[in-house]
Amino acid sequence: AQSVTQLGSHVSVSEGALVLLRCNYSSSVPPYLFWYVQYPNQGLQLLLKYTTGATLVKGINGFEAEFKKSETSFHLTKPSAHMSDAAEYFCAVSLLGDMRFGAGTRLTVKP
Amino acid sequence: DTEVTQTPKHLVMGMTNKKSLKCEQHMGHRAMYWYKQKAKKPPELMFVYSYEKLSINESVPSRFSPECPNSSLLNLHLHALQPEDSALYLCASSQDRVSGGEKLFFGSGTQLSVL
């Protein structure tokens, strides 16, 4: 079965610094990969997804992620963190419509 | 309309109560999902409906009973719940589930507390 592992349950950055959230996947066939963000007491909002084609995927709010098959990774980055980026981030993998989430990474942004 | 609407937003119930959670979407999506999310944990898949038929039941206890009366509505009937069932219950929908690459649209959830 497919799965994702998020490295680091908590990441703290200063405002304006680079954001890097790590995700590695395991799948027997090429997967579809997603990053979702969740604010307190809210549902999940899609940031970006990779299905096929270009391996560098751009999403909303200045986030992007690169699919690296050789490293089985799909890390999320943002060049400059904003206070509003503080939230829980989930990496997810989907195979035949069965979506599984990683454990999540809580991003804290310091002023 | 790109929303998934869940009601109620908050629910407190006793262990002997019967209640229902409701979910509605008008995007023409044919796959709908129930997820359970405990605090500081990722969402866990409970049920998947595809074209109004139950296609996945992740070994969920029978005190949770899903229902899909039509392509726009998804209910979750609750009966004799336990305090450990307290969680955020998320509904989601997608165009279909076969393609696999479709994103899920999530509702804001129902925060359930079982006393």
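Below is a short write-up of the structure. Computed from a predicted structure; not experimentally measured.

## Considering the environment of Glu66(A)
All names here are of chain A.
Inference 1: Residue placement: Glu-66 occurs in strand S7 (residues 64–68).
Inference 2: Assessed through its relative accessible area of 35%, Glu-66 is described here as partly exposed.
Inference 3: Residues Glu-66 and Leu-56 lie ten residues apart in sequence; the distance between their C-alpha atoms is 4.4 Å.
Inference 4: Apart from the residues lying within four places of it in its own chain, the contact partners of Glu-66 are Thr-55, Leu-56, Ser-73, Phe-74 and His-75.

## Describing the sheet that holds strand S3 (residues 18–25) of chain B
Residues and elements named next belong to chain B.
Inference 1: With antiparallel pairing, four strands are arranged side by side in an open sheet as S1-S3-S8-S7. The outermost strands of the open sheet, each flanked by one partner alone, are strand S1 (4–7) and strand S7 (64–70). The average undirected angle you get between the axes of adjacent strands in this sheet is 20°.
Inference 2: Looking at chain direction, S7 and strand S8 (residues 73–79) are connected through five bridges and run antiparallel. Each residue of the ladder has a partner; that of Pro-66, found in S8, is Leu-76.

## Looking at the nonpolar core
Residues and elements named next belong to chain A.
Inference 1: Ranked by internal contacts, the top residues of the largest apolar core, which has 26 residues, are Trp-35, Leu-47, Leu-48, Phe-74, Leu-76 and Tyr-89.
Inference 2: Put simply, the parts of the chain that give this core at least two residues each are strand S2 (10–14), strand S3 (19–26), strand S4 (32–38), strand S5 (44–50), S7, strand S8 (73–78), strand S9 (87–95) and strand S11 (105–110).
Inference 3: Residue contacts for Tyr-89: discarding those within four places in its chain leaves Gln-6, Leu-21, Trp-35, Tyr-36, Val-37, Leu-47, Phe-63, Leu-76, Gly-104, Thr-105 and Leu-107.

## Description of the state of the cysteines
Inference 1: Scanning all chains against the criterion turns up two disulfides over all chains.
Inference 2: There is a disulfide in this structure between Cys23(A) and Cys91(A), and the S-S distance comes to 2.0 Å. Measuring the twist about the S-S bond at about -65°, one finds the Cys23(A)-Cys91(A) disulfide to be left-handed. Placement of the pair is Cys23(A) in strand S3 and Cys91(A) in strand S9, with a sequence separation of 68 residues.
Inference 3: Judged by relative accessible area, Cys91(A) falls into the buried class, the value being 0%.
Inference 4: Paired through a disulfide, Cys23(B) and Cys91(B) show a sulfur-sulfur distance of 1.9 Å.

Reading guide: rules and limits
Residues numbered from 1 in each chain as written. Chains lettered and ligands numbered in written order. Predicted model: local features only at pLDDT ≥ 70, side-chain atom pairs only at ≥ 80, totals over all residues. Heavy atoms only, no water. Helix = DSSP H or I, 4+ residues; strand = E, 2+ residues; numbered from the N terminus. Buried < 20%, exposed > 50% of the residue type's maximum accessible area, 1.4 Å probe, protein only. Contact = heavy atoms within 4.5 Å. Pairing = 2+ DSSP bridges. Axes fitted to C-alpha atoms, helices over the stretch in contact; angles between N-to-C directions. Core = buried A, V, L, I, M, F, W, Y, C linked by side-chain atoms within 4.5 Å. Disulfide = S-S within 2.5 Å.

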